[in-house]
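What the coordinates show
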Amino acid sequence: MRLASAGILAAAAALLASCATPQRDYKPDAQAMMKRDFHARGIAGMERLNEDAVQAACNKHADNPPQAIAEKLQKEQMAAIKWPVDGKLLGDWKPGEKIAQNGQGMSWSDKGGVGGSCYNCHQIGPRESSFGTVGPSLYQFAKLRGYGADIQRYAYGKIYNAKAYNLCSQMPRMGHVGALTEQQMKDLTALLMDPASPVNQ
């Protein structure tokens, strides 16, 4: 009796699956709704609703675009990183810590003094009581990876444009979108790389 019941349930599930209508693409509706209901205010303009090629590929393929597309776009993102003209990647970790702690920036009411909001997604210092876990822990970043020039370059580049290293990364492209200045990115890099920084204690 149990086998018969299981067979009937399986047949019913198969029948329902065969009758199911194809999933509807709601993206055009969502885009139309945002263009209708969102309004420019302060520094928040309507251009934020426009996808670039990276966002479009990640959205279309649920953050897993075909390898050829991902490699092409990642190379373009890497080529677009603007490295410091003076060749120096490290600033001062003390203002870097303040930038990491500061959640201000890029919302309509902000007047300036943009922060990195780093603790929203990462553990960074050992004494921080609250931090996000969307991104990996950065505590002891250089202590574990080394203090060399290649790791410094990686850290600065990742802050500038995380999508140059992982196309569908959830990390904001801080330099690419102009959220942080070159000096702010140097200071954040120092926060991760300086042996004296609390990150590496």
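Structural data are supplied above this passage.
Bear in mind that the values here come from a model prediction, so they are computed numbers and not experimental data. (Residues numbered from 1 in each chain as written. Predicted model: local features only at pLDDT ≥ 70, side-chain atom pairs only at ≥ 80, totals over all residues. Heavy atoms only, no water.)

1. A look at the state of the cysteines
This model, assessed by the stated rule, comprises one disulfide. In this structure Cys 118 is not part of a disulfide, and its nearest cysteine sulfur, from Cys 121, lies 8.6 Å away. (Disulfide = S-S within 2.5 Å.)

2. What to know about the nonpolar core
Core analysis: the largest hydrophobic core is formed by 27 residues, its most contacted members being Ile 124, Phe 141 and Leu 188. At the level of elements, helix 5 (93-101), helix 6 (141-145), helix 7 (149-160) and helix 8 (182-193) are the ones that each hand at least two residues to this core. For this core, the element with the most residues is helix 8, which contributes six residues. If sequence neighbours within four positions are ignored, Leu 188 has contacts with Gly 96, Ile 99, Ala 100, Cys 118, Ile 159 and Leu 180. Within the second largest apolar cluster, seven residues are counted, among which are Val 54, Cys 58, Leu 167 and Cys 168. (Core = buried A, V, L, I, M, F, W, Y, C linked by side-chain atoms within 4.5 Å. Buried < 20%, exposed > 50% of the residue type's maximum accessible area, 1.4 Å probe, protein only. Helix = DSSP H or I, 4+ residues; strand = E, 2+ residues; numbered from the N terminus. Contact = heavy atoms within 4.5 Å.)

3. Things to note about the pattern of salt bridges
Evaluated as defined, the whole model comprises five salt bridges. Lys 186 serves as the salt-bridge partner of Asp 86, at 2.9 Å between the closest nitrogen and oxygen. One end of the pair, Asp 86, is in the loop between helix 4 (67-79) and helix 5; the other, Lys 186, is in helix 8, with 100 residues separating them in the sequence. Classification of Asp 86 as partly exposed rests on a relative accessible area of 47%. You can call Lys 186 buried: its relative accessible area is 5%. A salt bridge links Lys 186 to Glu 182, with the nearest nitrogen and oxygen atoms 3.7 Å apart. With Lys 186 and Glu 182 both in helix 8, this residue pair falls four residues apart, about one helical turn. Taken together, the salt bridges that share partners define one network made up of Asp 86, Glu 182 and Lys 186. (Salt bridge = Lys/Arg side-chain N within 4 Å of Asp/Glu carboxyl O.)

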